[in-house]
Amino acid sequence: MPIYEITSDSLTPVEATSFEQENLKERQDLQRLLKANIEAISPDTLIIAEEYGDFVESNRRIDLLGIDTNANLVVIELKRDDLGGHMELQAIRYAAMVANLTWDQAINAYKQFLTDNDQDADAESSLLSFLGWDSPSSEDFAQETRIVLAARNFSKEITTSVLWLNDRDLDITCVRLNPLRFEDHLLLNVEQIIPLPEAVDYQVNVRHKKREERAARTDNKDRSLLSLHIDGEPFETGFKKSNIGYLAVKALEHAELIDEATFEFLRNNTSCAFRLLKTLDEITDNEEKYRRYRTQQKAEFFYQGQEYYIARNWGVSNITPFIREIENRFPRIKITID
């Protein structure tokens, strides 16, 4: 949105410009100004390093590294152009590399920063004062890493990526930096576009809700493993419920318990909504699609010259009745849920 000068009878648009037009460099000018005025793009932040690159086997450097008042690390990446390149991916790499920064490493980085910028201050005392701590607390330091991206503009690819990453519990802020020319004055319009300042609380609540929903979906999945024994000896252990029918049939075959009555039980098993054994021509297209019967493989069971496939993909509600029927009919077989 344009910015206007208000006069008594008109609105005069302030001329938009660019960092290139104004001959402002990314590091020498933009980074230099922002490190001394970091509250413009990241309030409640203390810069502790510039061009930080103390990574193992890496020559990459973070434009600005800060600490916020919650003792979180803040990785700040700057671009003066209109696209931002792949700065979100770059910043994620940096955040991962710096995530294990210790208190002592932070103090050493801050000491160097103060020296490089001719500031006569004690690094540890200054950092403790900023955090409001009486003494260092390794348990509270750098538990999270935030990312701040600042650029002339952001491509749709970047904003889409950032919104998706934030939805998955990353903390990335995008700040648009628009230089403006008004007469002899060069102005800078700073806008936080992600997350929108007025919607931060709402977006955080939505993010938490989605996180809880994802966790609930994950927690509701049955990841139990089963074990099958014949006469007290293990036949198969640590298998998923989807294979219970297949292994039960194979165990009965192995124990030589397949007779006409057993075959009829397996063919007409009533403990689940589908038949345990089917011939190829009995299998529907939908059952093939969901791989209930492994028709891409050779037939898995043979009886009186006929080939049969064995049903997979068992639901939780089918397992207990099936186990009960198998163990009641065949006392030599024991199936346990680990």
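Described below are features of the structure shown in this document. (Residues numbered from 1 in each chain as written. Predicted model: local features only at pLDDT ≥ 70, side-chain atom pairs only at ≥ 80, totals over all residues. Heavy atoms only, no water.)

### Structural notes on the overall build of the protein
When helices and strands are counted, the protein shows ten helices and 15 strands. When burial is assessed residue by residue, the protein has 42% of its 338 residues classed as buried. Considering only contacts in the protein between residues 6 or more positions apart, those separated by 24 or more positions represent 58%. When the accessible surface of the protein is summed, it comes to about 19600 Å², and 46% of that surface belongs to carbon and sulfur atoms. (Helix = DSSP H or I, 4+ residues; strand = E, 2+ residues; numbered from the N terminus. Buried < 20%, exposed > 50% of the residue type's maximum accessible area, 1.4 Å probe, protein only. Contact = heavy atoms within 4.5 Å. Areas by Shrake-Rupley, 256 points an atom, 1.4 Å probe, with all protein chains shown as cover.)

### Here we look at the packing of aromatic side chains
Under the defined criterion, the tally for this structure stands at seven aromatic pairs. Taken together, a centroid distance of 5.3 Å and an interplanar angle of 85° make the contact between Trp 103 and Phe 141 edge-to-face. With a gap of 38 residues between them, Trp 103 in helix H3 (residues 103–116) and Phe 141 in the loop between helix H4 (123–131) and strand E7 (145–151) connect regions that are remote in the sequence. Relative to Phe 113, the ring of Tyr 110 has its centre 6.4 Å away and its plane inclined at 25°; by these criteria the two rings are stacked. You can see Tyr 110 and its partner Phe 113 sitting in helix H3, three residues apart, about one turn around the helix. Of the two residues, Tyr 110 and Phe 113, neither departs from the other in class, the shared state being buried. An aromatic cluster of at least three residues, connected via ring pairs, comprises Phe 263, Phe 301, Tyr 303 and Tyr 308. One cation-aromatic arrangement involves Arg 312 over Tyr 246; the distance from NZ or CZ to the ring centre is 4.2 Å. (Phe/Tyr/Trp six-rings, centres within 6.5 Å; stacked < 30°, edge-to-face > 60°. Lys NZ or Arg CZ within 6 Å of the ring centre and 35° of its normal.)

### What about the side chain of Asp 68?
Within the fold, Asp 68 resides in strand E5 (residues 62–68). Given a relative accessible area of 5%, Asp 68 falls into the buried group. Polar contacts involving the side chain of Asp 68 include one to the main-chain amide nitrogen of Asn 70, which spans 2.9 Å. Those residues in contact with Asp 68, other than ones at most four positions away along the chain, are Asp 44, Thr 45, Val 74, Phe 130, Leu 131 and Arg 146. (Polar contact = N/O pair within 3.5 Å; in protein donor to acceptor, adjacent residues only side chain to side chain.)

### Describing the sheet that holds strand E14 (residues 306–310)
Strands belonging to one sheet form pairs held by backbone hydrogen bonds; the direction of such a pair is parallel or antiparallel. With antiparallel pairing, three strands are arranged side by side in an open sheet as E12-E14-E13. The open sheet terminates on both sides in strands that have one partner only, identified here as strand E12 (277–278) and strand E13 (301–303). Of the pairings in the sheet, the one linking E12 to E14 comprises two bridges and is antiparallel in character. By the bridge assignment, Lys 278 is partnered in E14 with Tyr 309. Those strands touched by helix H7 (residues 244–254) are E12, E13 and E14, and its axis lies near 135° from that of E14. (Pairing = 2+ DSSP bridges. Axes fitted to C-alpha atoms, helices over the stretch in contact; angles between N-to-C directions.)

### With respect to helix H8 (residues 260–267)
If you check which residues of H8 are buried, you get Thr 262, Phe 263, Phe 265, Leu 266 and Arg 267. Looking at where H8 begins, the residue whose side-chain oxygen comes 3.2 Å from the main-chain nitrogen of Ala 261 is Asp 259.

### Points about a nonpolar patch on the surface
There is a patch of nonpolar side chains on the surface, built from Tyr 4, Ile 6 and Leu 11 and spanning about 350 Å² of accessible area. Mapped onto the secondary structure, Leu 11 falls in strand E2 (residues 11–13). (Patch = residues over 30% accessible without salt bridge, like charges linked within 9 Å, V, L, I, M, F, W, Y side chains within 5 Å. Salt bridge = Lys/Arg side-chain N within 4 Å of Asp/Glu carboxyl O.)

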